[in-house]
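Single-letter residue listing:
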Amino acid sequence: MPVIKEREVDPKHCTSPAFFKKIPLFDNLPAVDVARFADATHVKSYKKGQLVYMEGEQAGFFYVICTGWLKLFHTTEEGEEVILAMLTKNGITGENSIFNQRHYTSSAQVVEDAHILSMPLSLLQEQLGVNNQLLYNMVSYMAQDQRRHEQQLEQYLLYSAPQRIGCFLLGLCPVLDQKDGVILNLPY
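Residues numbered from 1 in each chain as written. Predicted model: local features only at pLDDT ≥ 70, side-chain atom pairs only at ≥ 80, totals over all residues. Heavy atoms only, no water.

### As for the state of the cysteines
Using the following cut-off: Note on terminology: disulfide denotes any pair of cysteine sulfur atoms within 2.5 Å. The secondary structure listing takes helices from DSSP runs of H or I that are at least 4 residues long and strands from runs of E that are at least 2 residues long, numbered from the N terminus.
Enumeration according to the criterion identifies one disulfide in this entry. Put simply, Cys14 and Cys66 are joined by a disulfide, and their sulfur atoms are 1.2 Å apart. Taken together, the positions of Cys14 in the loop between strand 1 (3-5) and helix 1 (17-21) and Cys66 in strand 4 (residues 61-75) put the pair 52 residues apart, joining distant regions of the chain.

### Examining the packing of helix 2 (residues 31-39) against helix 3 (residues 121-130)
Quick reminder of the rule: Note on geometry: axes are C-alpha line fits, over the in-contact stretch for helices, and angles between N-to-C directions span 0 to 180 degrees. Roughly parallel means an angle under 35 degrees; roughly antiparallel, over 145; roughly perpendicular, 65 to 115; everything else is oblique. Each helix crossing is assigned a hand: it is left-handed if the near helix lies turned anticlockwise from the far helix by less than a right angle, otherwise right-handed if that turn is clockwise. What makes two residues a contact is simply this: any of their non-hydrogen atoms within 4.5 Å. Classification convention: Asp, Glu, Lys, Arg as charged; Ala, Val, Leu, Ile, Met, Phe, Trp, Tyr, Cys, Pro as nonpolar; all other residues, Gly among them, as polar.
Two elements in contact, helix 2 and helix 3, have axes separated by 10 Å at closest approach and are oriented at 160°. Considering their axes alone, helix 2 and helix 3 lie roughly antiparallel with respect to each other. Viewed along their axes, helix 2 and helix 3 form a crossing whose handedness is right-handed. Counting all contacts with helix 2, which are made through Asp33, Arg36 and Phe37, the residues of helix 3 involved are Leu123, Leu124 and Gln127. In terms of residue class, the contact of helix 2 with helix 3 is built from three nonpolar, one polar and two charged.

Here's what the structure looks like:
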């Protein structure tokens, strides 16, 4: 059985229109609108363990993962860490701070060396006010994210640990037209 391995992504590719078109937030936007975001984007390299932002901090940017892995987490009053999500390529985070008085609602830590795009929240907020397609994409993305959280809660309540791990791994697999194998590189 042939094995498909995702090829390494050149960080410079992460600011190309082709990369942006794979991100749900920018789906079906005219090239001029995608270019507006691409021009305002900065690519930064992060090492494992680095924090991208902390819960409650004033938010100036939202982020898209080009390569690597990012852990979103919340710290309870007792000091316990609760992992909210593990994000990888094309994952978006920090965008919901627009709706939380421009403060991050979780913390984000790199769990595998990563290249992460940062884009100004002010640009996103401005464009949401004038671009109906972007607004629709944002609402759709947030609804899908909400559904993902509901499914995770359902899995936590109903599935055994091996079943939850299986669901997580299946969620990482690209859609394949044939029955080929996949190699997944996990951060832990």
